Every structure is written in structure tokens, then in C-alpha cells.
Amino acid sequence: RWAWGRAQAFGAIGPRSPRARRFGSFGDGSIIAFPYESLVNEAGIHIGSHTVVAPHVVLSAGWMPDQPDLPERCVVIGDRCLIGRGSSVIGHLSIELGDDVWTGHNVHITDMNHGYEDLDEPISRQHQPEAPVRIGSGSWLGHIVVVLPGVNMGRPVAVRAGAVVDTALPDHCV
């Protein structure tokens, strides 16, 4: 236990960690807990202040390391956010979480999805157009929520556990 505790402490990324310099911005008092599953193209990821990213999270700007033509602010996570254990935020165009957004465990947020229009083409080669995702300040997403491309969520909005969000949600929606 002692060794694992030390690994967690040394593996975590804080604003003064060398790894934090890879991010587009990394706010004071924020932390990405160790172990993290994957961090891809950190330069396109911006994390506000006093935000906690729990263990086993995926944060990705784009498909692969050094992907060309990514937006400078592909994934933006506001101040005082909490990204729950095992969650993934995978942006290709624009994902923006306002301040004080909290997620449960295993939440998936993406601005890109697969299509299935051509029955002769493998699904892995069919992509729907990317569409920006915005989650308003003060919102809460329960465990295992999936937020799909094009969602514009108001503030503060509560989404029940296990929901799939594929449409806009107005302010103060539950």
C-alpha cells in the first residue's frame, strides 16, 4: 500500500508537474489523478483551476498523437470541475465544459460518432460529421452518462445515471 500510495502521489499531474506544461493550459490547484488511462495531444486540452480529474480517465484531443489540424482549444474543462473515475472526454472539434461541472463514474463525452448509412462499408470507416458539445456551468452528469455530438446543455442541468444525451437541454433542466 505504501508503494502504491507513493506511485499515485508521484504519478499525479499538478500545475507544477513537468507533464502539465504539455497542456494548452493547466490551472492552479488542479490535478489529474494517477493512473490515467490516456492523455492524447495535451496541447489541445485546457484545464481550469481547482479541477479534479479522477483516476482511469481518458482525455483526448483527436484520434492519435500529433494529429494535424486540431483546433487549439479542442477540449476545454472549466474551473472547479470533477471528472469521475473511468470517464472519457474525447474531442475532435470542440468540447467545452463550463465551471463547476461534475460527472459520475464512466461518463463518456464526445463530439464525433460513427455512422451506419452504407451497409457494405465497415462501421469503422463511417463517420458522422463532428459537432461541438457544450455543457453549461453547474451541471451534473450521473454515472455512465453518454453525451453525443452536437449537444448544447444549459446551466445548471442534471442528467440521470445511464442516460444517453443526443439533443439540446435547456437551462435548469432535470
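In this text, all values refer to a predicted model and were calculated from it rather than measured experimentally.

Digging into the overall build of the protein chain
Consideration 1: A count of helices and strands for the protein chain gives one helix and 18 strands.
Consideration 2: Here the C-alpha atoms of the protein chain give a radius of gyration of 16 Å, agreeing with the 16 Å that 2.2 N^0.38 yields for 174 residues.
Consideration 3: The principal-axis extents of the C-alpha atoms in the protein chain amount to approximately 50 × 40 × 30 Å.
Consideration 4: By the burial criterion, 45% of the 174 residues in the protein chain qualify as buried.
Consideration 5: Nonlocal contacts in the protein chain, meaning residues at least 24 apart in sequence, comprise 32% of its contacts between residues at least 6 apart.
Consideration 6: Side-chain charges of the protein chain comprise 13 positive and 18 negative groups, with the mean position of each set lying 14 Å from the other.

A short note on the environment of Arg-125
Consideration 1: You can see Arg-125 is positioned in the loop between strand S12 (108-110) and strand S13 (133-135).
Consideration 2: Overall, the relative accessible area of 59% leaves Arg-125 in the exposed class.
Consideration 3: Residues Arg-125 and Gly-115, ten residues apart in the sequence, show an inter-C-alpha distance of 8.5 Å.

A word on the pairing of strand S6 (residues 58-61)
Consideration 1: Taken together, the three bridges between strand S3 (residues 38-40) and S6 define a ladder with parallel strand orientation. Its bridge partner being in S6, Val-40 is matched across the sheet by Ser-60.
Consideration 2: With four bridges joining them, S6 and strand S9 (residues 88-91) adopt parallel strand pairing. Residue pairing for S9: Leu-59 is matched across the bridge by Val-89.

Some points on the pairing of S9
Residues in a regular strand point their side chains to alternate faces of the sheet.
Consideration 1: Here S9 pairs with S12 via three bridges, running parallel. Across the sheet, the residue bridging to Val-89 is Ile-109, located in S12.

Quick look at the sheet that holds S12
Consideration 1: Taken in spatial order, the six strands make up an open sheet running S3-S6-S9-S12-S15-S18, and their pairing is parallel. Unpaired on one side and paired on the other, S3 and strand S18 (164-165) mark the two borders of the sheet.

Focus on the layout of surface pockets
Consideration 1: Empty space within the largest pocket amounts to approximately 190 Å³.
Consideration 2: In terms of lining residues, the largest pocket is bounded by 13 residues, among which Asn-41, Glu-42, Ala-43, Gly-44 and Asp-66 are the most central.
Consideration 3: Of the residues contributing to the lining of the largest pocket, the split by class is seven nonpolar, three polar and three charged.

A look at a nonpolar patch on the surface
Consideration 1: Together, Tyr-116, Leu-119 and Ile-123 make up a nonpolar patch on the protein surface, roughly 350 Å² of accessible area in all.
Consideration 2: Examined against the element boundaries, Tyr-116 turns out to sit in the loop between S12 and S13.

A word on the sheet that holds strand S16 (residues 152-153)
Consideration 1: Taken in spatial order, the six strands of this open sheet run S1-S4-S7-S10-S13-S16, and their pairing is parallel. Among the strands making up the open sheet, the edge pair consists of strand S1 (25-26) and S16.
Consideration 2: Pairing analysis gives three bridges linking strand S10 (residues 95-97) to S13, with the strands arranged parallel. Bridge pairing in S13 places Glu-96 opposite Arg-134.

Here's the deal with the packing of aromatic side chains
Consideration 1: Counted under the stated rule, the structure contains three aromatic pairs.
Consideration 2: Between Phe-23 and Phe-26, the aromatic rings sit 5.3 Å apart at their centres with planes inclined by 75°, giving edge-to-face as the arrangement.
Consideration 3: With relative accessibility at 13%, the residue Phe-26 sits in the buried group.
Consideration 4: Between the aromatic rings of Phe-34 and Tyr-36, the centroid separation amounts to 6.0 Å while the plane-to-plane angle is 85°, which identifies the pairing as edge-to-face.
Consideration 5: One aromatic cluster in this structure is built from Trp-4, Phe-34 and Tyr-36.

What counts and what doesn't
Residues numbered from 1 in each chain as written. Predicted model: local features only at pLDDT ≥ 70, side-chain atom pairs only at ≥ 80, totals over all residues. Heavy atoms only, no water. Helix = DSSP H or I, 4+ residues; strand = E, 2+ residues; numbered from the N terminus. Rg over C-alpha atoms; globule rule 2.2 N^0.38 Å. Buried < 20%, exposed > 50% of the residue type's maximum accessible area, 1.4 Å probe, protein only. Contact = heavy atoms within 4.5 Å. Lys, Arg positive; Asp, Glu negative; His and termini not counted. Charge placed at Lys NZ, Arg CZ, Asp CG, Glu CD. Pairing = 2+ DSSP bridges. 1 Å grid on protein atoms, 1.4 Å probe; cavity = no way out; pocket = protein on both sides within 12 Å on 5 of 7 lines; lining within 4 Å. Points joined across faces, edges and corners; volume = space filled by probe spheres on them. Nonpolar A, V, L, I, M, F, W, Y, C, P; charged D, E, K, R; others polar. Patch = residues over 30% accessible without salt bridge, like charges linked within 9 Å, V, L, I, M, F, W, Y side chains within 5 Å. Areas by Shrake-Rupley, 256 points an atom, 1.4 Å probe, with all protein chains shown as cover. Salt bridge = Lys/Arg side-chain N within 4 Å of Asp/Glu carboxyl O. Phe/Tyr/Trp six-rings, centres within 6.5 Å; stacked < 30°, edge-to-face > 60°.

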